[in-house]
Amino acid sequence: MTKKLAKLKYLPNNFQIIQNGDYVECAVSGKRIDIENLNYWNVELQEAYFSYKEAFQKKEQLDKK
């Protein structure tokens, strides 16, 4: 089965599926995140993160600016 990239709109406590798919990609590492395992994202940047580690890395990058 071929997995398809989904398009999501990230909301404060949820996300909305814009285009159906099986996964999204981490904005920091590029790793695939299955939709059912997606737990970390940034509403303002509209980005998904593989884990808290990548989310923290992104926060550190933004804090340096």
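Throughout, a residue's number is its position along its own chain's written sequence, starting from 1. The model is predicted, so local features are restricted to residues of pLDDT at least 70 and side-chain atom pairs to those at 80 or more, both for listing and for counting; the totals for chains, interfaces and linings are taken over all residues. Hydrogens are left out, water is left out, and the side-chain values use all remaining heavy atoms of the structure.

### Some details on the environment of Ala6
Inference 1: Its location among the elements puts Ala6 in the segment before strand S1 (7-10).
Inference 2: Buried means the residue's accessible area, taken with a 1.4 Å probe over protein chains only, is under 20% of the maximum for its type, while exposed means over 50%, and partly exposed covers the values in between. Since its relative accessible area comes to 8%, Ala6 is described here as buried.
Inference 3: Note: C-alpha distance between Ala6 and Val28 (22 residues apart in sequence) is 17 Å.
Inference 4: Beyond its immediate sequence surroundings of up to four residues, Ala6 is in contact with Gln19, Asn20, Gly21, Asp22, Tyr23, Val24 and Ile35. Only DSSP runs of H or I covering at least 4 residues are called helices, and only runs of E covering at least 2 are called strands; the numbering of each starts at the N terminus. Residues count as neighbours in contact if any of their non-hydrogen atoms are within 4.5 Å of one another.

### Some details on the packing of aromatic side chains
Inference 1: Side-chain rings of Phe, Tyr and Trp (the six-membered ring for Trp) are treated as a pair once their centres are within 6.5 Å; stacked means planes under 30 degrees apart, edge-to-face means over 60, and tilted covers the remaining angles. A full pass over the atoms with the stated rule returns two aromatic pairs.
Inference 2: Ring geometry for Phe15 and Trp41: centres 5.5 Å apart, planes at 85°, overall edge-to-face. With Phe15 in strand S2 (residues 15-19) and Trp41 in strand S5 (residues 40-42), this residue pair connects regions lying 26 residues apart in the sequence.
Inference 3: Taken together through their ring pairs, the aromatic side chains of Tyr10, Phe15 and Trp41 make up a single cluster.
Inference 4: The rule for a charge over a ring is simple: NZ of Lys or CZ of Arg within 6 Å of the ring centre, and within 35 degrees of the ring normal. The ring of Tyr23 is capped by Arg32, whose NZ or CZ atom sits 4.1 Å from the centre of that ring.

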